[in-house]
Amino acid sequence: MSRASEKERILVVDDTSSTLEVIARNLVARGFSVFTADCVPKALDVLESAAIDLVITDYKMPGPSGLDLVRHIRQNLADTEVMMITGFASVEGAVEAVKSGAEEYLSKPFTDEELLSAVERVLEKLHLRRAAHSRSLSTPRAPQGMIGESTAMTRVFSTVAKAARTTATTLIYGESGTGKELVARAVHYGGPRAAAPFVAVNCGGIPENLLESELFGYVKGAFTGAVETRAGFFQTADGGTIFLDEISETSMGMQVKLLRVLQEKEVCMVGSTRSTRVDVRILAATNKDLPTQVSRGHFREDLYYRLNVINIELPPLRDRDQDALMLVHHFVQKYATEAGRPAPRFTAEALQALTGYHWPGNVRELENVVHRIVVMSDSDEIDVRDLPALMRCAPARERGFNRSLSEVEAEYIRHVLSAVSGNKTRAADILGIDRKTLREKLRRMGDADA
Ligand SMILES: Nc1ncnc2c1ncn2[C@@H]1O[C@H](COP(=O)(O)OP(=O)(O)OP(=O)(O)O)[C@@H](O)[C@H]1O
Ligand SMILES: [Mg+2]
């Protein structure tokens, strides 16, 4: 695409005059209108006098830093995009840059092509945003295929939209079944790489000794059985996205190799001594708390920081207000259609039982429950009795008269104990039994510290 007619205005800010010159020359050759500044105060002068579409700024400069400039722009200039250039050592800088509102960051050293394609990407987003802005001023919408209107999920959707606009490495955290893979897909398919491959790899499901050759490929003769050279997931994902699921399950040795890929953007096939460049965006997911894994020495801190440039944390389903109801409705429709039957109706009590349940398996569990009900039930109305036993207890209990004496007793004992902060002598007093009897009852109740 020729840029000459559009003449977007780009301001380049860098204290190294040679870098400034090289970048400026490249951009001018592409038909952009280029401004330069060798420090933040001069950049602010330019910004005051010209309508700039994109600012490309160095991170470390004497005086105010590139980050200060990013913040200034985000707070004051809604119609100007920012891209940050960071040195190798300043991962935290990249993290902060993205958090502060930079659309992209480029790590040094970068090629002319990398610079130009990043510029194209950011400007394309700017055009899309301007076009969308003229149409509406809407709140973050759920990405394709994701259901939810809770405050917690609305926040997730807005981060997903932001992550989709960049190529920054993204770490997705959430309990099992919260939708981590769905989010990873939304980030990929909502962004400029949508037409390129999305390759999902379950790091926990591939034996340690196979993972390396699966990820990076191998050359013929690398090991017994390597009868031909084969590409790995990284080569397959070139130009697109790789999704490293269950990243916490990788060995320390594998983590070193992944760190190298992130830093050098190169992979080395098993059995080869040569590295090849790959252009792959990395998304990773985990249901383990990585900072804890880091503090226990099970996960490399440097890899954690490299992965965690953008962080998406999925709330458990029990923290999503009324989302469970929307999801029930969604999956009922989906599986009824699939089964070729009309969608059954849920009674108010059944819905109440479903929303009161704590869903340890989150959306996946809810989906399975609804699927089973739609398949198994012949009735067009689903009541509490059609739900799995675990979910039936909650509302049934409220109606009373169906608990055994020992259940009531156990509940009362726990209640008294908690009221006296666990003091067994006082609890036994209140209950009118001796300590030994109380201990015996607690043991039968299965309470650990009886
Ligand atoms: N917000 C949502 N809206 C609609 N469907 C969802 C949502 N979240 C999850 N799902 C569905 O729930 C199922 C589980 O989601 P997904 O596989 O993405 O979860 P996960 O966090 O990767 O789970 P696990 O930890 O078990 O790997 C999928 O079928 C997915 O389509
Ligand atoms: Mg998953």
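No experiment lies behind these values; they were computed from the predicted model shown.

Moving on, we get to the overall build of the chain. Helix and strand content of the chain: 19 helices and 14 strands. Rg of the C-alpha trace for the chain: 28 Å, well past the compact-globule value of 22 Å for 450 residues, more than 25% over. Along the first, second and third principal axes, the C-alpha atoms of the chain reach 85 × 60 × 55 Å. Taking all 450 residues of the chain together, the buried fraction comes to 44%. Within the chain, contacts between residues at least 6 apart in sequence are counted, and of these 69% link residues at least 24 apart. Averaging the positions of the 56 positive and the 61 negative side-chain charges in the chain gives two centres separated by 3 Å.

Time to look at empty space enclosed by the protein. With the rule as written, the count across this model stands at one cavity of 30 Å³ or more. Estimates place the volume of the largest cavity at around 40 Å³. What lines the largest cavity is Ala164, Thr166, Thr167, Val187, His188, Gly191, Pro192, Arg193, Thr241 and Arg281. Counted by class, the lining of the largest cavity contains three nonpolar, five polar and two charged residues.

Here we take up the nonpolar core. Ranked by internal contacts, the top residues of the largest apolar core, which has 44 residues, are Leu11, Val55 and Ile312. Both domain 1 (9-135) and domain 2 (151-315) contribute no fewer than three residues apiece to this core. Excluding residues that lie within four positions of it along the chain, Leu11 makes contacts with Phe35, Thr36, Ala37, Ala43, Val46, Leu47, Ile52, Leu54, Val55 and Ile56. Counting 29 residues, the second-largest nonpolar core is a separate cluster that includes Val199, Leu244, Leu262 and Tyr304.

With that out of the way, let us pick up the site of ligand 1. Taken together, 15 residues sit near ligand 1, with Ile147, Gly177, Lys180, Arg364 and Glu367 positioned nearest. In the environment of ligand 1, a nitrogen atom lies 2.8 Å from a nitrogen or oxygen atom belonging to the backbone of Ile147. Interatomic distance of 3.1 Å between a backbone N/O atom of Gly179 and an oxygen atom of ligand 1. In isolation ligand 1 exposes 630 Å². Once the protein is present, 83% of that is buried. Listed by contribution, the elements that provide at least two residues to the shell around ligand 1 are helix 7 (180-189), helix 13 (323-339) and helix 15 (362-376). Looking at the shell around ligand 1 residue by residue, the class counts come to six nonpolar, five polar and four charged.

A separate point is the pattern of salt bridges. Using the criterion set out here, one finds 22 salt bridges in the structure. Of the charged contacts, one joins Arg71 and Asp68 as a salt bridge, the two residues approaching to 3.7 Å between their closest N and O atoms. Pair noted here: Arg71 and Asp68 are both in helix 3 (residues 66-76), with a separation of three residues, about one helical turn. For Arg71, a relative accessible area of 33% gives the class partly exposed. Given a relative accessible area of 37%, Asp68 falls into the partly exposed group. We note a salt bridge from Glu103 to Lys125, for which the minimum N-O separation is 3.8 Å. Separated by 22 residues along the polypeptide, Glu103 in the loop between helix 4 (91-100) and strand 5 (104-107) and Lys125 in helix 5 (residues 112-135) bring together distant segments of the chain. Given a relative accessible area of 7%, Glu103 falls into the buried group. According to the relative accessible area criterion, Lys125 is buried, its value standing at 10%.

Below, the discussion takes up the domain arrangement of the chain. Parsing the chain into structural domains produces domain 1 (9-135), domain 2 (151-315), domain 3 (318-399) and domain 4 (405-445). On a C-alpha basis, the centres of domain 3 and domain 4 stand 36 Å from each other.

With that out of the way, let us pick up helix 10 (residues 252-264). Given a rise of 1.5 Å per residue, 13 residues ought to cover 18 Å, and the 18 Å separating the end C-alpha atoms of helix 10 matches this to within 8%. Regarding helix 10, the residues found buried are Met254, Gln255, Leu258, Leu259, Val261 and Leu262. Buried residues of helix 10, seen end-on, are gathered within an arc of 160° and therefore sit on one face of the element. Considering only its buried residues, helix 10 is in contact with helix 8 (208-216), helix 9 (233-236), strand 8 (241-245), strand 9 (266-268), strand 11 (281-286) and helix 12 (301-307). Phi for Lys265, located one or two positions after helix 10, is positive at around 55°.

Calculation criteria
Positions within a chain are numbered from 1, following the residues in the order the chain's sequence is written. Chain letters start at A and ligand numbers start at 1, both assigned in the order the entries are written. The predicted origin of the model limits local features to residues at a pLDDT of at least 70 and limits the giving and counting of side-chain atom pairs to 80 or more, whereas totals for whole chains, interfaces and linings rest on all residues. The basis for the side-chain values is all heavy atoms of the structure; hydrogens and waters are excluded. Where helices and strands are cited, they refer to DSSP runs of H or I of at least four residues and of E of at least two residues respectively, numbered from the N terminus. C-alpha atoms define the radius of gyration in this analysis, and the globule rule sets the expected value at 2.2 Å times the number of residues to the power 0.38. Relative accessibility thresholds used throughout: buried, under 20% of the residue-type maximum; exposed, over 50%; partly exposed, between the two (1.4 Å probe, protein chains only). The criterion used for residue contact is that any of the two residues' heavy atoms lie within 4.5 Å. Charge counting treats Lys and Arg as positive and Asp and Glu as negative, with His and both chain ends excluded. Note that the charge is assigned to NZ on lysines, CZ on arginines, CG on aspartates and CD on glutamates. Every definition here rests on a 1 Å grid over the protein atoms only: cavities are sets of points where a 1.4 Å probe fits but cannot get out, pockets are open sets enclosed by protein on both sides within 12 Å along at least five of seven lines, and lining residues have some atom within 4 Å of a point. Grid points are joined across faces, edges and corners, and a volume is the space filled by probe spheres set on the points. Three classes are used: nonpolar for Ala, Val, Leu, Ile, Met, Phe, Trp, Tyr, Cys and Pro, charged for Asp, Glu, Lys and Arg, and polar for all others, with Gly counted as polar. We define a nonpolar core as any set of buried Ala, Val, Leu, Ile, Met, Phe, Trp, Tyr and Cys residues linked to one another through side-chain atoms lying within 4.5 Å. All the domain ranges listed were derived from an automatic or database domain assignment. Each residue is tested against the molecule or strand, and it is near if at least one of its non-hydrogen atoms lies within 4 Å. Two N or O atoms count as a polar contact when they lie within 3.5 Å, although within protein this holds only if one can serve as hydrogen donor and the other as acceptor, and sequence-adjacent residues are included solely when both atoms are side-chain atoms. For every accessible area listed, the method is Shrake-Rupley and the probe measures 1.4 Å; residues are considered covered only by the protein chains on display. A side-chain nitrogen of Lys or Arg and a carboxyl oxygen of Asp or Glu constitute a salt bridge if their distance falls within 4 Å. One less than the number of residues in a helix, times 1.5 Å, gives the span that helix is expected to have. This arc describes the spread of directions from the helix axis toward the C-beta atoms.

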